[in-house]
Amino acid sequence: MLPFCSVLGLYRYPVKSMGGEEVEQVYVTGDGFEGDRVYAVLDLETGTAASAKNMARFGSLLNVKASLSRDGLTLVFPDGRKCGLSEATALLSSYLGRRVVLVRNGGQALRFIGLDVSYETGSTTYFEKQGMTRAGSYHDSAPVHIMTAETLQANGLGMDELCRFRPNLLTDFDGELTPGTVLEVGDAALRVTKPTKRCIMVTLPQQTLAYNPEILKNLLQLHGGVAGVYAEVVREGWVSRGDRIRIYSSP
């Protein structure tokens, strides 16, 4: 067993590609943090989930904040307007300038289209990629995303840049989390499955942050484009901010 560490922050993003919220406590299910990526904006013209990776059409979704409470879903737009679920479709269609509808996950995956970027030729090259979300939640990949504060520091980034990476769990662990590593945190247990290969999302303007292509360029040059890890849930349970984490290295 590796040294103890702790949970610095817990985050969920109720609507795919929108800004999220920090929570003090969350229940972790097999599909990830309860309330995380339970909604998506469906583009009626293409039949695909709106993804900020398609920055021309949907990058502005990152400036809308989504949160969940006992009263349900609340969206806050950049101009300060707030709405609940019943008004969301109309306001989002007006905001995006497209016919969209807000849909709740019902166990069916959605297709999405976005851009990725390459610097291999010495210049910035964008290319289109398609993918499918998970079925049980609208994650693009694994149900839980973990980052360490050390990862931000190693890349010269402050806590204000954390939202670019959209983690679920931030920890003060200062070692390497390799595939197979198990984290026991609160009542839950998570197993690292693979490194998080970063995409164009980390460069996009969001909330108070400006467009910054250098972040991804530096990650590609210095760390192979990786920052953070994905994990699967091997035991469900409650997790709270400040919980100690027991880390068991992979065999």
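Reading guide: rules and limits
- Chains are numbered independently. Their residues run from 1 in the order of the written sequence.
- Residues qualify for local features only when their pLDDT is at least 70, as the model is predicted, and side-chain atom pairs are given and counted only at 80 or more; totals for whole chains, interfaces and linings, by contrast, use all residues.
- Working from all heavy atoms in the structure, the side-chain values ignore hydrogens and water.
- Throughout this description, the term nonpolar core refers to a set of buried Ala, Val, Leu, Ile, Met, Phe, Trp, Tyr and Cys residues connected via side-chain atoms within 4.5 Å.
- Type-normalised accessible area, obtained with a 1.4 Å probe on protein chains alone, sets the label of each residue: buried when under 20%, exposed when over 50%, and partly exposed for intermediate values.
- Residues count as neighbours in contact if any of their non-hydrogen atoms are within 4.5 Å of one another.
- The definitions used throughout rest on a 1 Å grid laid over the protein atoms alone, on which a cavity is an enclosed set of points accommodating a 1.4 Å probe that cannot get out and a pocket is an open set flanked by protein within 12 Å on both sides along at least five of seven lines; lining residues are those having an atom within 4 Å of a point.
- Grid points are joined across faces, edges and corners, and a volume is the space filled by probe spheres set on the points.
- Each helix is a run of H or I in the DSSP string that is no shorter than four residues. Each strand is a run of E no shorter than two, and both are numbered from the N terminus.
- Amino acid classes used here: Ala, Val, Leu, Ile, Met, Phe, Trp, Tyr, Cys and Pro are nonpolar; Asp, Glu, Lys and Arg are charged; the rest, including Gly, are polar.
- Whenever a nitrogen or oxygen atom comes within 3.5 Å of another N or O atom, the pair is scored as a polar contact, on the condition that within protein one atom can donate a hydrogen and the other can accept it, and that pairs from neighbouring residues in sequence are kept only if both atoms are in side chains.
- If DSSP finds at least two bridges between two strands, the strands pair.
- Salt bridge, as applied in this entry: a Lys or Arg side-chain nitrogen positioned within 4 Å of an Asp or Glu carboxyl oxygen.

Peer 1: Any chance you could break down the nonpolar core for me, citing the residues and the numbers?
Peer 2: With 23 residues, the main nonpolar core has Leu10, Val28, Ile146, Leu169, Leu177, Leu190 and Ile245 as its most contacted residues. Beyond its immediate sequence surroundings of up to four residues, Leu169 is in contact with Val7, Gly9, Leu10, Phe33, His145, Ile146, Met147, Val185, Leu190 and Ile245. Residues Tyr39, Val41, Phe58 and Leu96 belong to the second largest nonpolar core, which totals 20 residues.

Peer 1: Help me get a handle on the layout of surface pockets, residues and values and all.
Peer 2: Of the voids in this model, the largest pocket is the one considered here, and its volume is about 830 Å³. Considering the residues around the largest pocket, the lining is formed by 39 residues, among which Lys53, Asp140, Lys197, Cys199 and Tyr230 are closest to the centre. Secondary structure elements with two or more residues in the lining of the largest pocket: β11 (111–118), β12 (125–132), β13 (144–148), β16 (188–197) and α4 (213–223). Top element by residues in the lining of the largest pocket is β11. It accounts for 6 residues. Residues belonging to the lining of the largest pocket are distributed by class as follows: 16 nonpolar, 11 polar and 12 charged.

Peer 1: Any chance you could break down the side chain of Thr148 for me, citing the residues and the numbers?
Peer 2: In this structure, Thr148 sits in strand β13. When its relative accessible area of 6% is taken as the criterion, Thr148 is described as buried. Of note is the side chain of Thr148, whose polar atom sits 2.8 Å from the side chain of Thr151. Those residues in contact with Thr148 that sit more than four places away from it in its chain are Leu170, Thr171, Phe173 and Leu177.

Peer 1: Could you give an account of the sheet that holds strand β9 (residues 82–83), naming the residues involved and the relevant values?
Peer 2: Strand-to-strand pairing in sheets goes through backbone hydrogen bonds, with the strands running parallel or antiparallel. The strand order across the open sheet built from 3 strands is β7-β8-β9, with neighbouring strands paired in antiparallel fashion. Looking at the sheet topology across the chains shown, the edges are occupied by β7 (65–69) and β9. The sheet contact formed by β7 and strand β8 (residues 72–76) spans 5 bridges and is antiparallel. Considered in β8, the bridge of Leu68 is made with Leu73.

Peer 1: A description of the pattern of salt bridges should follow, citing residues and the corresponding values.
Peer 2: Tallied over the entire structure, the rule returns 13 salt bridges. With its nearest N and O atoms 3.8 Å apart, the salt bridge here joins Asp31 to Arg134. You can see Asp31 sitting in the loop between β3 (25–29) and β4 (32–33) and its partner Arg134 sitting in the loop between β12 and β13, a full 103 residues away along the chain. In this structure Asp31 comes out as partly exposed when scored by relative accessible area, which is 31%. Asp43 is the partner of Arg98 in a salt bridge, and the nearest nitrogen-oxygen pair spans 3.0 Å. Pair noted here: Arg98 is in the loop between α2 (85–96) and β10 (100–104) and Asp43 is in strand β5 (residues 39–43), with a separation of 55 residues, a long-range link. Residue classification places Asp43 among the buried residues on the basis of a relative accessible area of 1%. In the salt-bridge network here, residues are joined through shared partners; they are Lys16, Lys53 and Asp140.

This is a description of form; function is not addressed.
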